[in-house]
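Given next are the chains, with one letter for each unit.
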Amino acid sequence: MKTVKNFVENGGSYLGICAGGYFACNRIEFDKGGPLEVCGKRQLNFYPGLCVGPVFPGFQYDSESGAHAAGICRPHSNEKDQLQIAPFLCYFNGGGKFVYPDEKTCTGSDSDLDCGDLSKHCSFELSGNTSETSITVLAECAELVDRPAAVVKCKVGKGVAILSGIHFEYHAERLNNENTYLASIIPKLLETDSNRLAFLKHILSHLNLN
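Computed from a predicted structure; not experimentally measured.

**Let's talk about the overall build of the protein**
Across its full length, the protein carries five helices and 12 strands. Within the protein, contacts between residues separated by at least 24 positions form 59% of all contacts whose residues are at least 6 apart in sequence.

**Some points on the pairing of strand β12 (residues 159–164)**
In terms of residue burial, β12 counts as a mostly covered element, since six of its six residues are buried. Alternating residues of β12 divide into Gly 159, Ala 161 and Leu 163 and Val 160, Ile 162 and Ser 164, and every residue in both groups is buried. Sheet topology places strand β1 (residues 13–17) next to β12; five bridges connect them, and they run parallel. Opposite Leu 15, over in β12, you have Ile 162 as the bridge partner. As defined by bridge partners, strand β11 (residues 149–156) adjoins β12 across six bridges and the pair is classed as antiparallel.

**Quick word on the confidence of the model for the protein**
Residues of the protein with pLDDT of at least 70 account for 80%, and the chain-wide mean is 84. Below pLDDT 50 for its whole length, residues 103–131 participates in 69 contacts with residues either more than four positions away or in separate chains.

**Looking at the pairing of strand β6 (residues 88–92)**
With four of five residues buried, β6 is to be regarded as a mostly interior element. Pairing between strand β5 (residues 68–73) and β6: five bridges, direction antiparallel. When the sheet's bridge partners are listed, Ala 70 is paired in β6 with Cys 90.

**A look at helix α5 (residues 193–206)**
Spanning 14 residues, α5 covers 20 Å between terminal C-alpha atoms, matching the ideal 20 Å at 1.5 Å per step. Within α5, burial applies to Asp 193, Arg 196, Phe 199, Leu 200, His 202, Ile 203 and His 206. Immediately beyond the C-terminal end of α5, within one or two residues, lies Asn 208, with a positive phi of roughly 60°.

Rules and cut-offs
- Residues numbered from 1 in each chain as written.
- Predicted model: local features only at pLDDT ≥ 70, side-chain atom pairs only at ≥ 80, totals over all residues.
- Heavy atoms only, no water.
- Helix = DSSP H or I, 4+ residues; strand = E, 2+ residues; numbered from the N terminus.
- Contact = heavy atoms within 4.5 Å.
- Buried < 20%, exposed > 50% of the residue type's maximum accessible area, 1.4 Å probe, protein only.
- Pairing = 2+ DSSP bridges.
- pLDDT = per-residue confidence, 0-100.
- Expected span 1.5 Å × (residues − 1).

Structure representation (structure tokens):
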């Protein structure tokens, strides 16, 4: 864990998708109160807030029962990132949403975290005890009322970490169309796949992988 953290802090890039997104947050709440519950603090702490999921119901390990074609869009306003990418549908299965720690409590103890709607803060900075963390929302879950953050970019020392609750790396044609749960969402995903691909390229540019 220390090796990964040092790598990013010294200029490396980290991409955490779904479980990798949960893994790199300060805290997670996965299926809280349910049979799959996993809650607690995490060590990487690239994102100094909370990841809560699954955002959509039905998730089961080793199953596509929770698969969903999630409507994704860019934030309404983002002064640091003006690229316009049309909304798209994206494969989702068990991922979380990112909520932010209140500025007054982000440097406090584990129990002091006060979480809110990150989508209202498209780009903001939190000052910690040892470093400054810059957070930018790269995508929101458009179909939910509160439009929670689905993808966030975190400045970590000299490096960068991008955490995602959605599987923007999945091409719908590579999903199993014989699977009962996937058969109905694959056509939906294909309709906006060019927009998903544009978003993927955009993410890679943020990771300095042009």
